[in-house]
Amino acid sequence: MKYEIRFLPSEITTRAPEGTTIFNAANWAGLAIDSTCGGRGTCGKCKVRVEQGNAPVREADRKFLSPGELNDGWRLSCRAVLHSDCVVDIPRLMGNPKAALLGYGHHVILNPNVAKIYLELSEPNLEDQVSDLARIHAALDKEGYDVRSNLTLWRSLPNILRGSNFQVTAVIVGDELIALEPGDTREKNYGIAVDVGTTSVVCAIVNLNTGAVEAVKSDLNRQAPFGADVISRVSHTMFEKEGLVELQARIVETLNALLEQLTAQSGIARENIYEAVIVGNATMLHLLLGIDPEPISVAPFIPTITQPVTFRAADLTPDASSRTPRHPSTMRDDASPHPSPYQGEGQGVRLNPEARVSTLPHLGAYVGADIVAGILATDLTRNKDGKLRLLIDVGTNGEIVLGSVNGTLATAAPAGPAFEGAQIKNGMRASAGAIEGVTITPQGVSLQIIGGDVEPLGIAGSGLVDAVAEMYRAGIVDASGRMIRVEDARGKLPDALVERLVTIDGVRAFRLTDVESNIVLTQQDIRALQFAKGSIAAGVEVLMQQMGVTANDLHEVLLAGSFGSYINPASARTIGLVPWVPVEKIIAVGNSAGEGAKIALLSFREREAANRIPEFIEYVELSGRGEFNDIFTDALAFPKLTNDERRTTEEPRVMEIASSVVVGPSS
Ligand code: FES
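Residues numbered from 1 in each chain as written. Predicted model: local features only at pLDDT ≥ 70, side-chain atom pairs only at ≥ 80, totals over all residues.

When you look at the overall build of the protein chain in this model, what are you seeing that I'm missing?
A tally of helices and strands in the protein chain yields 20 helices and 28 strands. For the protein chain, buried positions account for 48% of its 667 residues. Put simply, 70% of the contacts in the protein chain that link residues at least 6 apart link residues at least 24 apart. (Helix = DSSP H or I, 4+ residues; strand = E, 2+ residues; numbered from the N terminus. Buried ≥ 20, exposed ≤ 12 C-beta atoms within 10 Å, placed from the backbone. Contact = placed C-beta atoms within 7 Å.)

This is the structure in C-alpha cells:
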C-alpha cells in the first residue's frame, strides 16, 4: 500500500509505501530535513509539522518536543511512519547544507554515516568521580549521539584521555563509537567507495567533510588468473580445497594494493579512513566476504545474502580454518597453480583498524549491488519527472533496468564474453593498442586506437560494435549478419573495401588494418557479437513487453559500465543493442556503480534509499520465460537501416562526409 505525502512549503508531492518514515520520504523527494544523527532518532533536529494525516506520538517525540509542540502536530520526522496520506510542513534549514554533485546530475546533501565530534571533557577529581566511559557517553549524548562502544575502545580510554588532557575527537560510524583520537582531528575524515568488478576494481578516497574525491584508481581484479567470468571463479571454489580462501585473499589483496597507491598519492593516512561502501555483483561480494558462492551459480540461483550488510574491515581476513568445505570428495588437494603473494597479515582490508564496511543490497543472483548503486546514481526509480528510462550495464552479463518512479523491472541477460573482447579472433581488453572506434568509407577504414599513434594490437568491445555497425552500413554484412562474398562484392562495393575481404581457414573475414598488422573481423566474430547483443536486446524486449511500452515511450537509454561508456551510441543503435530511439537519447553514464557507492558513502539517507530500492523493483527471471527464445532469435538480426545510416557508393552526401575522414589503414 502506498500513501501520498505532500510537502509544504515546497508543494512537492511524492508517494511512499506504508511504514516509510516522513524523513525518508522527504529525502527520496530530494528535500532536506535538518539532522545530525542521520535519522536515528537521537539528535532531535528533524522536527516537522504534520498538518494532515495520521502520525501517532512516539517515545522519542516526548524526549525532544514539548507538549504544546506535540499538540500542534510537531513530530520527529525520522520516527513518524506513514499510515495514511498526509500533508507535512518542513521548516527551513538553518543555513545551507553542504552538498556535492555526483552520479548522473545527482545533488547529494552531505550526511555521511561517519561523524567526528571534538570533545573538551572536564577532568575527573575527587568531587567528580564519573568513569571515563560514562564521561564520554554523557558528552556525546549532549551532542545528540546515543552510541554503543566496545572492549577495544574501552581498553584505549585511560591512555588516550590522560595523554590528551581530556581533549579528544570521537569517531562515530552509524551508532557505534569506534575510536577516540587525541586532540581535534575533525579535519581528517575520509571514506572509500569501491566497485568490485569481475574484471577490474575501482576505488576512490572521498573526503567526508567536503564530498571531494581525493584520489581514485582502478586495477585488474587479481582473481583474474582463476577465470574471466563469475562462473569460472565459482568453479574454482567448488573444485579446489582452498579455492574460496584463495579468491577472497586475491580480492583483499587487490583492495590493499589500491589503497597503498591511493594513500601514497593523496598523503591521506589509512588510519583516517573510517568507512568503506563496497558494491559489486553478488558473486564478487560473496567472494569478498568469504561466503560460498556456489548456490548463486546453480538453479534456483539463491545468494546467501541479498541484504545490505555492515562489518569490520579487519574481519575480511582470509582464513582457511574457519571454512567448511561443501564437497570434500570433489575437491583437489594439490597446491594452487596460482600461488598468491598475499601474506595474510590478519588485518583484512587495511583502513583504520576499527573501520566499518557496508555493502548495498542485491536484487537477485545476477542483478547485484553494483546495479542498485547504478540505479541510485541515475535516480531511475526516484526521478520526479516520472519519465521512463532504460539502464543497461553491458558486460558478460547484461544487466537491464527499465522504469520510473511509477514502477521498475530488472533482469540480467547472459551476453557472453564478446563485449570484453574474448572469443573474438583479434579481440582484446580496452587497453593501449586496442581499436576502440572504426569508420568505414568508400576509400578505406580509419581507426581510433587507445593510446593514440600506436600500432593496433587487437579490437576492444567498443571497436567491435563500431566495426560491425560500419560494415552493416557499408553493405559488407547484411541484416542477417552474413558477410558478403568477394565475388558478390565486386562491382557492388568500392575496390578499397573489396580488397579487404579475405578468407581465413575457410571463414570469411574483413581486414581492418594493413596486411602487416592483419587485424580482422571474421564471420564467427560477427556471430558472437550477434549472440551478445541479441541476448541483451531480447532482455530489453521482454521487460518492455511486460511493462506494455515500446521504444517510443523511452525518455532516455542510459549505458553504464566501462564498456557502456565508450560505446558509440549510434553504432549501438545500428546493430540493435539498444532500442531505436533518437541518438541524443542514448547517454553514457560512466561507472554508475562507483558513483552510487560514493553517494551512499556521503549520505546515510541516500544509503537508506538505496537499501530500499529492491522494494520498488520487480526482478524478472528470463530463464523461466517461454517467449524468451523466440524474442532472442528475432533479436539476432540487425534492425533495418534508416536512410541516414545507410552508406552506399551511390549516395553523394555520404561520399562528401567520407572525403573529410582520415582514410587508409590504421596508422
Ligand atoms: S532525531 Fe535525528 S534525524 Fe530525527
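Please clarify how the pairing of strand β12 (residues 200–207) should be interpreted in this entry.
Regular strands show a simple pattern: their side chains alternate between the two faces of the sheet. Across the eight residues of β12, seven count as buried, placing the element largely inside the fold. Two strands pair when backbone bridges link them, and strand β11 (residues 190–196) and β12 are joined in this way by seven bridges, in the antiparallel orientation. Among the inter-strand pairings, Ile192 is bridged to a residue of β12, identified as Ile205. Remark: three residues form the turn of the hairpin made by β11 and β12, two consecutive strands paired antiparallel. Inspection of the sheet shows β12 paired to strand β13 (residues 213–220) by seven bridges, in the antiparallel sense. Bridge pairing links Val206 to Val213 in β13. Between the antiparallel neighbours β12 and β13 lie five residues, among them Gly211 with a positive phi of about 85°. (Pairing = 2+ DSSP bridges.)

Could you clarify how one ought to interpret helix α5 (residues 151–163) in this entry?
With 13 residues, α5 should reach 18 Å at 1.5 Å per residue; the first-to-last C-alpha distance of 19 Å fits that figure. Its axis deflected by about 45° at Leu157, α5 carries its strongest bend there, up to four residues before the proline Pro158. (Expected span 1.5 Å × (residues − 1). Bend = angle between axes of the 7 residues up to and from the residue.)

Would you mind showing me how to read the sheet that holds strand β10 (residues 176–182) here?
Pairing between sheet strands relies on hydrogen bonds along the backbone, with the strands arranged either parallel or antiparallel. Ordered by their spatial adjacency, three strands build an open sheet running β8-β9-β10, and the pairing between neighbours is antiparallel. The outermost strands of the open sheet, each flanked by one partner alone, are β8 (114–120) and β10. Across the sheet, the mean angle from the axis of one strand to that of its neighbour is 25°, orientation sign disregarded. In this sheet, strand β9 (residues 167–173) lies alongside β8 in antiparallel orientation, the contact comprising seven bridges. In the sheet register, Ala115 faces β9, and the bridge partner there is Ile172. Contacts from α5 reach β9 and β10, with the element oriented near 30° to β10. (Axes fitted to C-alpha atoms, helices over the stretch in contact; angles between N-to-C directions.)

Sorry if this is basic, but what is going on with unusual backbone geometry here?
Trans is the prevailing form of peptide bonds, just as negative phi is the prevailing case for residues other than glycine. The linkage connecting Leu8 with the following residue, Pro9, adopts the cis geometry, with an omega of 0°. With respect to the element layout, Pro9 can be found in the loop between β1 (2–8) and β2 (12–17). The omega angle of the peptide bond from Ala299 to Pro300 is 5°, so this bond is cis rather than trans. Among the secondary structure elements, Pro300 is positioned in the loop between α9 (294–297) and β15 (310–312).

Could you clarify how one ought to interpret the nonpolar core in this entry?
It is characteristic of soluble globular proteins that their nonpolar side chains tend to be buried jointly. One finds Ala373 and Val468 to be the most contacted residues of the largest nonpolar core, which totals 168 residues. Among the elements that line this core, the one with the most residues is helix α14 (residues 523–547), at eleven residues. The residues touching Ala373, leaving out its near neighbours within four places in the chain, are Val279, Leu360, Ser592, Ala593, Gly596, Ala597, Ala600 and Ala610. The next biggest cluster of nonpolar side chains, apart from the first, holds 18 residues, and it includes Val48, Leu82, Cys86 and Ile90. (Core = buried A, V, L, I, M, F, W, Y, C linked by C-beta atoms within 7 Å.)

Sorry, what's going on with the confidence of the model for the protein chain here?
When pLDDT is low, close inspection of the predicted coordinates is not appropriate. Looking at the protein chain as a whole, the pLDDT averages 86, with 90% of positions reaching at least 70. Per-element confidence in the protein chain is highest for strand β14 (residues 273–280), whose mean pLDDT is 98, and lowest for helix α20 (residues 652–659), whose mean pLDDT is 28. Low confidence marks residues 649–667, where pLDDT is under 50. Its contacts with residues over four positions away, or in another chain, come to 24 contacts. (pLDDT = per-residue confidence, 0-100.)

I'm lost on the environment of His236 in this one. Help?
On the secondary structure map, His236 appears in helix α6 (residues 230–239). The spatial distance from the C-alpha of His236 to the C-alpha of Phe226 is 6.9 Å, given a sequence separation of ten residues.

How should the sheet that holds strand β21 (residues 444–449) be read in this particular structure?
Pairing is mixed in the open sheet, where three strands are placed in the order β21-β20-β22. Strands with a single pairing partner mark the edges of an open sheet, and in this sheet they are β21 and β22 (458–459). Note: strand β20 (residues 434–441) against β21, six bridges, orientation antiparallel. Paired with Gly437 across the two strands is Gln448, which belongs to β21. Strands in contact with helix α11 (residues 461–474) are β20 and β22; relative to β20, the strand with the most contacts, it is inclined by about 10°.

Even after reading the chapter, I still don't get the pairing of strand β17 (residues 389–393), so can you show me in this structure?
Across the five residues of β17, five count as buried, placing the element largely inside the fold. Residues Arg389, Leu391 and Asp393 line one face of β17 and the alternating positions Leu390 and Ile392 line the opposite face, and both faces are buried. The pairing of β17 with strand β18 (residues 397–404) spans five bridges and is antiparallel. Bridge pairing in β18 places Arg389 opposite Gly403.

I would appreciate a short explanation of the environment of Thr42 in the present structure.
Mapped onto the secondary structure, Thr42 falls in the loop between α1 (22–28) and β3 (47–52). Residue class for Thr42 comes out buried when judged on the 23 C-beta atoms lying within 10 Å of it. For the pair Thr42 and Ala60, spaced 18 residues apart in sequence, the C-alpha to C-alpha distance is 7.8 Å. Every residue in contact with Thr42, bar those within four places of it in the chain, is listed here: Cys37, Gly144, Tyr145 and Asp146.

I keep staring at the packing of helix α17 (residues 592–602) against helix α18 (residues 604–611) and nothing clicks. Help me out?
The description of two packed helices rests on the angle between their axes and on the distance between the axes. At their nearest, the axes of α17 and α18 sit 5 Å apart, and the two run at 125° to each other. Taken together, the axes of α17 and α18 lie oblique to each other. Residues Gly596, Ile599 and Ala600 of α17 pack against Glu606, Arg607 and Ala610 of α18. Looking at the contact of α17 with α18 residue by residue, the class counts come to three nonpolar, one polar and two charged. (Parallel < 35°, antiparallel > 145°, perpendicular 65-115°, else oblique. Nonpolar A, V, L, I, M, F, W, Y, C, P; charged D, E, K, R; others polar.)

Looking at this structure, how should I read α18?
Along an α-helix, residues three or four positions apart point the same way, because every turn accommodates 3.6 residues. By the criterion of burial, α18 is predominantly enclosed, with six of the eight residues buried. If you check which residues of α18 are buried, you get Phe604, Arg605, Glu606, Arg607, Ala609 and Ala610.

What is the right way to read the environment of Ala282 from this model?
Among the secondary structure elements, Ala282 is positioned in helix α8 (residues 282–289). Exposure remark for Ala282: the 26 C-beta atoms within 10 Å place this residue in the buried category. Excluding its chain neighbours within four sequence positions, the residues that come into contact with Ala282 are Ile296, Pro303, His362, Ala365 and Gly368.

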